[in-house]
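# Observations on the model geometry
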Amino acid sequence: MTYNARTENAQPRIGPKGQPPDRNLGLNVAATATGSPAAIPRERLFQRIWPPMMIGVMFVLEVAWIVFLVYSSIALVRFALVRFFF
């Protein structure tokens, strides 16, 4: 079975000349994808992991950006105080 991302339904895959794929060439994906990451096809695993991974990456970038802005603001205020008032 192949995964159709547009409809999120499994569509039967047809081999050459309209024949179904040879069962001896690979695993039956529908029967083995029970929740273990090793049993889930790569496309499905990637689609499952991508959103939380990107949320984590964006959170880290946002925290780093806030720390940079705070540090820069403190440095600018210190520079202005030393330069113009002392």
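## Describing the overall build of the chain
The secondary structure content of the chain amounts to two helices and two strands. Put simply, the chain runs from its N terminus to its C terminus through helices and strands in the order β-β-α-α. A buried classification covers 2% of the 86 residues belonging to the chain. Of the roughly 8000 Å² that the chain leaves accessible, carbon and sulfur atoms contribute 66%.

## Here's the deal with a nonpolar patch on the surface
A cluster of nonpolar side chains, contributed by F46, I49, W50, M53, V57, M58 and L61, occupies part of the molecular surface with about 660 Å² of accessible area. Structurally, M58 is set in helix 2 (residues 42–85).

Cut-offs applied
Going along each chain's sequence as written, the residues are numbered from 1 onward. Per-residue local features of the predicted model are confined to residues with pLDDT of at least 70, and side-chain atom pairs are confined, for both listing and counting, to 80 or more; whole-chain, interface and lining totals are unaffected and use all residues. Neither water nor hydrogens contribute to the side-chain values; these are computed over all heavy atoms in the structure. Numbering of helices and strands runs from the N terminus; a helix is a DSSP stretch of H or I covering at least four residues, while a strand is a stretch of E covering at least two. Think of it in three bands: with a 1.4 Å probe and only protein chains considered, a residue is buried below 20% of the maximum accessible area for its type, exposed above 50%, and partly exposed in between. In this description, accessible areas are obtained by the Shrake-Rupley approach with a 1.4 Å probe, and a residue is regarded as covered only by the protein chains that are shown. Residues with no salt bridge and a relative accessible area higher than 30% make up the patches, which join like charges within 9 Å and nonpolar side chains (Val, Leu, Ile, Met, Phe, Trp, Tyr) within 5 Å. We define a salt bridge as a side-chain nitrogen of Lys or Arg found within 4 Å of a carboxyl oxygen belonging to Asp or Glu.

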